[in-house]
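# What the coordinates show
Single-letter residue listing:
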Amino acid sequence: MTSENNKYQLSLSTMRWFDAKGGHLETKGLNADGEIFEVPLHRHKVNLNIYRLDIGLKYKITPSFQIETNIPYESKIQEASIEEIDPLTEEQKQAVIRNQDIHHRNETYTGPTDIDLLVNYNIQGILTENDFLIGRIGTTIPVGKTEENPWILGEAGLEHLHIQFGTGTFNPIGAIYYNIPVYKGFAATTSLRSKFPLYANSKTYRGSRELTYTGGLNFRPNKWISVYTGYLGFYQSYAHWAGEIDINTGLRFSMASFGAAISTPFNFPISISFMLPMHQETLYDDTNSFLDGRYQESDAFKFGPLISISVFYSF
């Protein structure tokens, strides 16, 4: 929160998410004329590294009410390869590579993602004199680039992209955060954040519902530093294309978090966080089924460790 004498708080955060891994079984190749045909079973393997920059601005309307926005920009580095399962001839290998290149390419994608716009309300002294609750409500603003239906393009042998930078829709957001002192510099925290896409965009895409929940313990030995540890859980429902489930979406994961917040004498507090995966699973778990002439396997990414650094300035 902004201090008593300052109306604005500016934040700058950078994040690196390492080695997200995805992939799926495949039995299709693409010939030089752009025609799809059957080839022996193989796998598309995909690795994704994500860099993210967030610029946040918070304005204090009253001591209890604030309005805030967060403007993100991401760089997603994708690396793709083929894992041979059944033997392939040289001609088949070239067809497999051509088919992979319309699905997954060694490329870097960059751009802004959807903006958050929120109104905050703070309440203090709920259960004890020094606890506080922050409630947030708002919406995303669809500025991130969206793609055409990749399933239709893929079936036609055309280049497409599953990675999106936005949903193309305004999505309601709700969040709460609670902090309560427990003992001599220790405080317990918990939070809940949800996002609910209500409709499909002009390209027939309707994004996933998302729920993020945390719990943690902070310790402040002095006024200059605090350290914390906690748990983060995340649930993402399926997204849909023209009402059909996108099996590349839908997952649950949990992470352990560790970090520190440092108060500097220059009015630039710094926060450093590390997060390590604990458990991950995709909702689509029938990984070896064969349906409608193709193998069905989720391509939802499983994420690696994460590190983030944030700097704040109030004025």
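Worth saying up front: this structure is predicted, and the values here are computed from it rather than measured. (Residues numbered from 1 in each chain as written. Predicted model: local features only at pLDDT ≥ 70, side-chain atom pairs only at ≥ 80, totals over all residues. Heavy atoms only, no water.)

## Observations regarding the sheet that holds strand 13 (residues 244-246)
If you walk across this open sheet you meet the three strands as 9-12-13, and the pairing is antiparallel. Either end of the sheet is taken by a strand with one partner, and the two such strands are strand 9 (205-206) and strand 13. One ladder, built from two bridges, connects strand 9 with strand 12 (residues 239-241); its direction is antiparallel. The partner of Tyr205 across the bridge, within strand 12, is Trp241. (Pairing = 2+ DSSP bridges. Helix = DSSP H or I, 4+ residues; strand = E, 2+ residues; numbered from the N terminus.)

## Some details on the packing of aromatic side chains
Under the counting rule described, the total for this entry stands at 13 aromatic pairs. Relative to Tyr59, the ring of Tyr8 has its centre 5.0 Å away and its plane inclined at 40°; by these criteria the two rings are tilted. Within this pair, whereas Tyr8 is found in strand 1 (residues 8-30), its partner Tyr59 is found in strand 2 (residues 36-60), the two being separated by 51 residues in sequence. By relative accessible area, which is 30% here, Tyr59 ends up partly exposed. Three or more aromatic residues link up through ring pairs in this structure, and these residues are Tyr8, Tyr59, Phe268, Tyr313 and Phe315. One residue, Lys76, lies across the ring of Phe165, its end atom 4.7 Å from the ring centre. (Phe/Tyr/Trp six-rings, centres within 6.5 Å; stacked < 30°, edge-to-face > 60°. Buried < 20%, exposed > 50% of the residue type's maximum accessible area, 1.4 Å probe, protein only. Lys NZ or Arg CZ within 6 Å of the ring centre and 35° of its normal.)

## Considering the pairing of strand 2
The sheet contact formed by strand 1 and strand 2 spans 20 bridges and is antiparallel. In the sheet register, Leu30 faces strand 2, and the bridge partner there is Ile36. The antiparallel hairpin formed by strand 1 and strand 2 contains five residues in its connecting segment, where Gly34 sits at a positive phi of about 80°. Both strand 2 and strand 3 (residues 65-84) contribute to a ladder of 19 bridges, which runs antiparallel. The residue of strand 3 that forms the bridge with Ile55 is Ile71. As consecutive antiparallel partners, strand 2 and strand 3 are separated by four residues.

## Brief notes about the side chain of Asn171
Along the chain, Asn171 falls in the loop between helix 2 (150-155) and strand 7 (172-183). Reaching out from Asn171, the side chain makes a polar contact with the side chain of Thr169 at a distance of 2.7 Å. Aside from chain neighbours lying at most four places away, what touches Asn171 is Gly138, Thr139, Thr140, Lys195, Phe196, Pro197 and Leu198. (Polar contact = N/O pair within 3.5 Å; in protein donor to acceptor, adjacent residues only side chain to side chain. Contact = heavy atoms within 4.5 Å.)

## Points about helix 1 (residues 90-103)
The terminal C-alpha atoms of helix 1 lie 20 Å apart, and with 14 residues this matches the ideal 20 Å at 1.5 Å per residue to within 8%. Turning to helix 1, its buried residues number three or more, namely Gln92, Ala95, Val96, Asn99, Gln100, Ile102 and His103. Buried residues of helix 1 fall within an arc of 160° about the axis and therefore sit on the same side. Turned more than 90 degrees away from the buried face of helix 1, the exposed residues are Glu90 and Glu91. (Expected span 1.5 Å × (residues − 1). Arc of directions from axis to C-beta.)

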